[in-house]
Amino acid sequence: MDLTEFNIVKTLELLEKRKFSSEELVKESLNYIKSLDPKIKAFLYVNEELALTLAKQADEKRKKREGGKLLGIPISIKDNICIKGLPTTCASKILQNFIAPYSAEVCERLSREGAIFIGKTNMDEFAMGSSTENSGFFPTHNPWDLERVPGGSSGGSAAAVASRMGLGSLGSDTGGSIRQPAAFCGVVGMKPTYGLVSRFGLVAFASSLDQIGPIATTVEDTAYLLQIIAGYDPKDSTSAPIEIPDYVKFIKENEKTSYKIGLPKEYFESEIDLEITKILMELIEKLKKRHKIIEISLPHTEYAVATYYIIAPAEASSNLARYDGVKYGFRAEAKNLIEMYKKTRAYGFGKEVKRRIMLGTYALSAGYYDAFYLKASKVRTLILQDFLNAFKEIDLILTPVTPTPPFKIGEKIFDPLQMYLSDIFTIPVNLAGVPGISVPVGLTSNNLPVGIQVIGPHFKDELVLSLAYQIEKELDLKLIPPIVNKS
Ligand code: GLN
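Structure report, in brief. (Residues numbered from 1 in each chain as written. Predicted model: local features only at pLDDT ≥ 70, side-chain atom pairs only at ≥ 80, totals over all residues. Heavy atoms only, no water.)

With that settled, the discussion passes to the environment of Arg 290. Here Arg 290 shows up in the loop between α10 (274-287) and β8 (292-296). Along the primary structure Arg 290 and Lys 260 are separated by 30 residues, whereas in three dimensions their C-alpha atoms are 9.6 Å apart. When neighbours within four sequence positions are excluded, Arg 290 is seen to be in contact with Glu 255, Lys 256, Thr 257, Ser 258 and Gln 470. Within the local environment of Arg 290, its side chain forms a polar contact with the backbone oxygen of Glu 255, the two atoms lying 3.2 Å apart. (Helix = DSSP H or I, 4+ residues; strand = E, 2+ residues; numbered from the N terminus. Contact = heavy atoms within 4.5 Å. Polar contact = N/O pair within 3.5 Å; in protein donor to acceptor, adjacent residues only side chain to side chain.)

Next comes the structure, spelled out in structure tokens:
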């Protein structure tokens, strides 16, 4: 079975027609993992036995005509999203032996539709990073070039989907962690509007920015997965009680709709790799046939990274206070309680996590709160205002996803500032809470994937998907990393 031929929607049709069984499909996905993952290292945990049992059950259900929108489809889940009974480590030593006592709402919804969780994917520890090198266990490699990073923090999910180890994945995005790895691995990744998808059961990093979203090989699959996970959940107080449109129907009905699109000059004027600029500009020329494209300004863009690196660490320092060796996971041996706290956190957390906790604690400390956190919150409002103003004139915004193609493993790990700057185009979207998607648009001369970002107004996720779908149709690419065909 050649899994590069399949996506979720098409596979469901084939399962329905009995071209193959879910058991065969899941077995083949596990074979892909066995042959590719020793090199890519996208998975922290592979759920082999349970996945096969569930696949057999899915086949039984299908025989009895019991439905489910994802019946028998193998999906991977980032390791900061809980699945009851399975490990949830957040790629941190501090949660090394933690087994989730309940499932995230998104996993409940996927399960209810018959999805099969094949494994938990690697990530930057507690989702802090842009390369998956901050995993407490091992880095993940980009399937397009094993010497390069897959992006992060959902690098394991993006690398798994790109190399067809499972048909889709869920990641989380606080400042770009779904879109940036999706761009680096040549797959589609979406951060929905803040409040569209329940965060219940997602291990919190920066609660006012975190969103769970889908990663898949096509825009239609992305829309299909979003349909299942989106919608009000009383267990998450920031979940929005709104009607969810039919995303797949919307993108199909609007295949030819023309939109008014803004190109923010601040994004295109900043330092971007020349090949990326060329690929994006060629696409934008093509889009001009159908769409009205104008230059716009988002004047506070230059403050976004600095603002994010106050707000996100501040929230993280508070959220991560709970890992003290008492309630969860790892506990160090010590003579007394204080020493136990110190040793547990000193051993359990990696360098980047400690850096964030220190930054955040400092920014929130008495006397500094007004100068840092309060000021950052005000700038955040200005950044939000930029988007609200822009969307008075236009429907959607197009930007690069990343300033560079995937970089080499080790290239930025000792220079946190350079690493932080790789999210320069994705961070404003989280600060404003608007939806954004990364769609593959081509390969550089080194055969490295490039993505474009579509950004839309709050709760207009269907518009974002619609333009992404049009772009995908216009380009008609089929991006398969060479390593997949060789094995
Ligand atoms: N790379 C950013 C950070 O390190 C964003 C991470 C994320 O979206 N989870 O914080």
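Across all of its chains, the model carries 17 aromatic pairs by this definition. Centroid distance Tyr 309 to Tyr 420: 3.8 Å. Interplanar angle 10°. Geometry classified as stacked. You can see Tyr 309 sitting in helix α11 (residues 304-319) and its partner Tyr 420 sitting in helix α15 (residues 416-421), a full 111 residues away along the chain. Note on accessibility: Tyr 309 and Tyr 420 belong to one class, buried. Ring-pair connections join several aromatic residues into one group, and the members of that group are Phe 98, Phe 126, Tyr 323, Tyr 328 and Phe 349. Across from the ring centre of Phe 138, 4.8 Å away, lies the NZ or CZ of Lys 41, which sits over that ring. Sitting above the plane of the Phe 407 ring, Lys 412 keeps its charged end 4.5 Å from the centroid. (Phe/Tyr/Trp six-rings, centres within 6.5 Å; stacked < 30°, edge-to-face > 60°. Buried < 20%, exposed > 50% of the residue type's maximum accessible area, 1.4 Å probe, protein only. Lys NZ or Arg CZ within 6 Å of the ring centre and 35° of its normal.)

Taken together, the neighbourhood of the ligand is formed by 15 residues, with Thr 174, Gly 175, Ser 177, Tyr 308 and Asp 423 sitting nearest. Note that an oxygen atom of the ligand is positioned 2.8 Å from one of the backbone N or O atoms of Gly 129. Between the ligand and the protein, one listed contact pairs a nitrogen atom with a side-chain N or O atom of Ser 177 at 2.7 Å. For the ligand, the accessible surface in isolation is 290 Å², of which the surrounding protein chains cover 100%. Across the shell around the ligand, the residue classes tally to five nonpolar, seven polar and three charged. (Near = heavy atom within 4 Å. Areas by Shrake-Rupley, 256 points an atom, 1.4 Å probe, with all protein chains shown as cover. Nonpolar A, V, L, I, M, F, W, Y, C, P; charged D, E, K, R; others polar.)

To continue, consider helix α5 (residues 155-162). Across the eight residues of α5, eight count as buried, placing the element largely inside the fold. Within the sequence span of α5, burial applies to Gly 155, Gly 156, Ser 157, Ala 158, Ala 159, Ala 160, Val 161 and Ala 162. Phi turns positive one or two residues past the end of α5, at Arg 164, with a value near 60°.

Contact pair helix α2 (residues 22-40) / helix α3 (residues 48-63): the axes reach a minimum separation of 7 Å and the direction vectors enclose 160°. As the angle between them shows, α2 and α3 are arranged roughly antiparallel. For α2 against α3, the interelement crossing comes out right-handed. Listed contacts from α3 to Ser 22, Glu 23, Val 26, Lys 27, Leu 30 and Lys 34 of α2 are Glu 48, Ala 51, Leu 52, Ala 55, Lys 56, Ala 58 and Asp 59. The residue makeup of the contact of α2 with α3, split by class, is six nonpolar, one polar and six charged. (Axes fitted to C-alpha atoms, helices over the stretch in contact; angles between N-to-C directions. Parallel < 35°, antiparallel > 145°, perpendicular 65-115°, else oblique. Left-handed = near helix turned anticlockwise from the far one by under 90°.)

Think of a sheet as strands paired side by side through backbone hydrogen bonds, with each pair either parallel or antiparallel. Strand order across the open sheet formed by 11 strands is β1-β3-β2-β4-β6-β5-β10-β11-β9-β7-β8, with mixed pairing between neighbours. The open sheet has two free edges, formed respectively by β1 (43-46) and β8, since each of these has just one partner strand. Shown here is a sheet whose adjacent strand axes are inclined to one another by a mean of 30°, direction ignored. Pairing geometry for strand β10 (residues 436-443) and strand β11 (residues 449-455), over seven bridges, is antiparallel. Residue pairing in the sheet places Pro 440 in a bridge with Gly 451 of β11. (Pairing = 2+ DSSP bridges.)

It is worth spelling out the pairing of strand β4 (residues 168-173) at this point. Taking burial as the measure, the six residues of β4 include six buried ones, the bulk of the element. Side chains Gly 168, Leu 170 and Ser 172 of β4 all project onto a buried face; the interleaved residues Ser 169, Gly 171 and Asp 173 project onto the opposite face, where all are buried too. Where strand β2 (residues 74-78) and β4 come together, three bridges link them in parallel fashion. Residue pairing in the sheet places Ile 75 in a bridge with Gly 168 of β4.

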